[in-house]
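Structural overview for review
Chain by chain, the residues:
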Amino acid sequence: MSKKVQNKDIRNIAIIAHVDHGKTTLVDAMFKQSGLFREGQEVETRLMDNLELEKERGITIAAKNCSVVWKGTKINIIDTPGHADFGGEVERALAMADGALLLVDSSEGPLPQTRFVLKKTFEAGLKVIVVINKIDRQDTRPQEVLNEIYDLFIELGANDEQIEFPLLYAIGRDGMVKKKLTDRTNNLDVLFETILEKTPPPSYDPKEPFQMLVADLGYSAYMGRLAIGRVINGNVNFNDSLVCMGENESEIPLKVTKIQVYEGVSLKEVQQAGPGDIVVLSGIDDVKIGDTICNREFPKALKRITVEEPTVSMRFTINTSPLAGKEGKYVQSSKIKERLFKETLRNVAIKVDESDERDSFNVKGRGEFQLAILIETMRREGYEFCVGRPEVILKEKDGRKQEPIEHLYIDADEAFMGIITEKLSQRKGKMLNLSNSGTGRVRMEFTVPSRGLIGFRDDFLTVTRGTGIMNSYLEGFEDYRGDFPSRFSGSIVSDRQGESVAYALFNLEPRGRLFIVPGEQVYEGMVIGEHNRDNDINVNPCKEKKLSNMRAAGKDDNILLSPARPLTLESAIVFIRDDEMVEITPKSIRLRKVELSSQKRHMAQSKKFKEKEGL
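Note that the coordinates shown come from a computational prediction; the quantities given were computed from them, not determined experimentally.

Concerning the packing of helix H10 (residues 417-426) against helix H12 (residues 456-463)
For the pair H10 and H12, the least separation of the axes is 10 Å and the interaxial angle reads 160 degrees. Between H10 and H12, the interaxial angle falls into the category roughly antiparallel. H12 is crossed by H10, and the crossing has right-handed handedness. Along its contact with H10, which presents Ile419, Ile420, Lys423 and Leu424, the element H12 presents Phe456, Asp459, Phe460 and Val463. By residue class, the composition of the contact of H10 with H12 is 6 nonpolar, no polar and 2 charged.

Some words on the nonpolar core
The biggest cluster of nonpolar side chains holds 60 residues, and the ones touching the most others in it are Phe153, Leu281 and Ile293. Discounting chain neighbours no more than four positions away, the residues touching Phe153 are Leu102, Leu118, Phe122, Val128, Val130, Ala158, Gln162, Ile163 and Phe165. By size, the runner-up hydrophobic cluster in this structure holds 33 residues, among which are Val352, Met378, Phe515 and Ile584.

Quick notes on the packing of aromatic side chains
Tallying each qualifying case throughout the model produces 8 aromatic pairs. Seen in terms of ring centroids, Phe122 and Phe153 are 5.1 Å apart; in terms of plane orientation they differ by 75 degrees. Their pairing is edge-to-face. Note that Phe122 is positioned in helix H4 (residues 112-123) and Phe153 in helix H5 (residues 142-155), a separation of 31 residues in sequence. Judged on exposure class, the residue Phe122 and its partner Phe153 are both buried. Each ring, one from Phe515 and one from Phe575, has its centre 5.3 Å from the other, and the planes form 90 degrees; the classification is edge-to-face. Within this pair, whereas Phe515 is found in the loop between strand E32 (512-514) and strand E33 (521-522), its partner Phe575 is found in helix H14 (residues 569-575), the two being separated by 60 residues in sequence. For Phe575, a relative accessible area of 10% translates into the label buried. Taken together, the ring pairs connect Phe122, Tyr150, Phe153 and Phe165 into an aromatic cluster. A cation over a ring is seen here: Lys395 above Phe477, with NZ or CZ 4.2 Å from the ring centre. Across from the ring centre of Tyr480, 4.1 Å away, lies the NZ or CZ of Lys401, which sits over that ring.

Criteria and cut-off values
Residues numbered from 1 in each chain as written. Predicted model: local features only at pLDDT ≥ 70, side-chain atom pairs only at ≥ 80, totals over all residues. Heavy atoms only, no water. Axes fitted to C-alpha atoms, helices over the stretch in contact; angles between N-to-C directions. Helix = DSSP H or I, 4+ residues; strand = E, 2+ residues; numbered from the N terminus. Parallel < 35°, antiparallel > 145°, perpendicular 65-115°, else oblique. Left-handed = near helix turned anticlockwise from the far one by under 90°. Contact = heavy atoms within 4.5 Å. Nonpolar A, V, L, I, M, F, W, Y, C, P; charged D, E, K, R; others polar. Core = buried A, V, L, I, M, F, W, Y, C linked by side-chain atoms within 4.5 Å. Buried < 20%, exposed > 50% of the residue type's maximum accessible area, 1.4 Å probe, protein only. Phe/Tyr/Trp six-rings, centres within 6.5 Å; stacked < 30°, edge-to-face > 60°. Lys NZ or Arg CZ within 6 Å of the ring centre and 35° of its normal.

Right, dumping it as structure tokens:
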């Protein structure tokens, strides 16, 4: 076996953190201080969060690459998502890195998603640099946070080398990093120097031919499919004849038409790329994440990227409501199928199966939030379709039914402790730990079935009056904990097609909470509100006041309706029951029954009741 050599001109580092711990802001500061922009150039903030949904929600959804140059050394930065639902992005991003920069908030400390991404980092065998960020916060507690980080490293089984991590303190927003809290500085020099010193350069075998692991895919209107990944061994030149090795070591010949490398957030064309660099190759049509691109004369596959199994599935189907096709650009099942399978090419954590039902597909992912992001993205692209309620994917072991279990962390005011515990016990949650710091807030830990957390966030924010914080990560599979009601209220369902009227809605208000306003188009089977009781009711939202030529004794009351609570995508998909769907169009989000006809629903209910009673 030949001796490995290091490419000292390059460092590949992944930035990992929990949501909102300042990762993207720190990357912005690294761009500015590395001399990437000329002086006085106007630069957007949060450059790496370039997707529309990322900017709106303030989170990183897709892992992205960029690079900076410091003292002649190129540092490739891989920005990873901080949410466990996008774990597939983390796993493929870490395949390109040799080290990781762990960012932790100086007040919140390591949270569940920090644990999730750190566990993946240790499994990949990467060396970690710890940065305690936001040390200018009023409630900063750097020493306690450092102790929590050490505890977390030990708990996740870090080896001796990993636990002796370099420690830095930062104010990412101001672009400053220091080694000690007492140091005075106003730049990131210490951070760049630590990355060069502590992150190992990429190593390669000089006797091995060219090999590259595909970790991401892109698409260009001019060049077609793009393969993005790290060169493990050898060099690649423009116009090289290579081969792409797929899952079953199938070989697809290809010719490189363009080689690009990252320069800042943009791409630069080069004639040759060497070992350790992250490159973008074009000229490859049929390529998947995890494939190996290698020399045609010496084809040799690398170990494929593996991701954890999905835990939640949702049914996607065409829109069959009377309002179908009026707002969407793409409504056919073939277009929806094409778009869903295109998503599986870019996102390794999402799987799509064709259902037994016609024009229906089962989409599997890490959590309902990941699937909600996919739905919102498709909606903005002009797709119109319907989705069912998220369902957890159950397994069977030794003849026993098993379900995914989440480890849930809650930080809330002491006054809400009782109601939170009660709500979670109804959802088969078990308390593991309770700590009261004496500040009026408590920290609680639970294990809860994943299905128990579907729709719990809205409930949690209501009972804690918006002051509670909850985070969770997947702990594993356990025996099925039993059934529990997903919703204690019924639905108010329209019994006809037409336009909703203020008079009718005013008279329906005592029955429950309405989702619609006067003047909205409704149809038979459309869910227009939440009933106060646990049964569904069919109502007429189009009923107008009878007019007569008799003069009224007093003047008519002016109708004042309570404001309807607009449905967000996330609240809609967790609100529906098994016999309901969400109708998604580029302009509207509506709730509906799977079976629109009230007569057919009634007959099916009667049949079900008779079967239950054995009649």
